[in-house]
Amino acid sequence: MKKIIASLIAVFAIAIAANAAEYAVNDDAIDTMIENCIEVGNPLALDMAAASNSNSAVTVQAAGANPAVVIVVTFFLGYFGVHRHILGTNWYMWALYTFTLGGIFGVVPLVDFIVEIVETVDSGSLAKYENNGSFFMWA
């Protein structure tokens, strides 16, 4: 109880000390900054016309995924299949990993983790497993 009261007192003290009335906004400087900005297009926007003309589903292509990042993500979020998205697999792979309880109670992410470590030590990259659409990327 003492910790809760001390925490509340600390929060109120910080709130009182950080009085927003002391801060001034220079509207002219903000307007000048906005006028000097360069407008750029959205590089992440999809070309919907091209996507609607093709009969195939949109797939993500991995561009040389960093093996260290993939291994760490597999260790912490392998149960949900997040590492497979980094490797550029199908968009629905997260559902397969999640709803099958990580394959068979986490066996598939565990094998993925071991295979990623071995492949990284042997070849230094995971290019062999990028854009792999099968549930068992190592099979």
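Our structure's up above, just so we're on the same page.
Model, not experiment: these values are computed from the prediction.

### Focus on a negative patch on the surface
A contiguous patch of negative charge, built from Asp 27, Asp 28, Asp 31 and Glu 35, is present on the exposed surface. Positionally, Glu 35 belongs in helix α2 (residues 27-35).

### Things to note about the packing of helix α4 (residues 67-77) against helix α8 (residues 107-123)
Look at α4 against α8: their axes get within 9 Å of each other, and the N-to-C directions meet at 160°. Here α8 runs roughly antiparallel to α4, going by the angle between their axes. When you trace α4 past α8, the crossing you get is left-handed. Of the residues in α8, those in contact with Pro 67, Val 70, Ile 71, Thr 74 and Phe 75 of α4 are Pro 109, Asp 112, Phe 113, Glu 116, Ile 117 and Thr 120. Among the residues making up the contact of α4 with α8, the classes are represented as seven nonpolar, two polar and two charged.

Quick notes on the rules
- Residues numbered from 1 in each chain as written.
- Predicted model: local features only at pLDDT ≥ 70, side-chain atom pairs only at ≥ 80, totals over all residues.
- Heavy atoms only, no water.
- Patch = residues over 30% accessible without salt bridge, like charges linked within 9 Å, V, L, I, M, F, W, Y side chains within 5 Å.
- Areas by Shrake-Rupley, 256 points an atom, 1.4 Å probe, with all protein chains shown as cover.
- Salt bridge = Lys/Arg side-chain N within 4 Å of Asp/Glu carboxyl O.
- Lys, Arg positive; Asp, Glu negative; His and termini not counted.
- Charge placed at Lys NZ, Arg CZ, Asp CG, Glu CD.
- Helix = DSSP H or I, 4+ residues; strand = E, 2+ residues; numbered from the N terminus.
- Axes fitted to C-alpha atoms, helices over the stretch in contact; angles between N-to-C directions.
- Parallel < 35°, antiparallel > 145°, perpendicular 65-115°, else oblique.
- Left-handed = near helix turned anticlockwise from the far one by under 90°.
- Contact = heavy atoms within 4.5 Å.
- Nonpolar A, V, L, I, M, F, W, Y, C, P; charged D, E, K, R; others polar.

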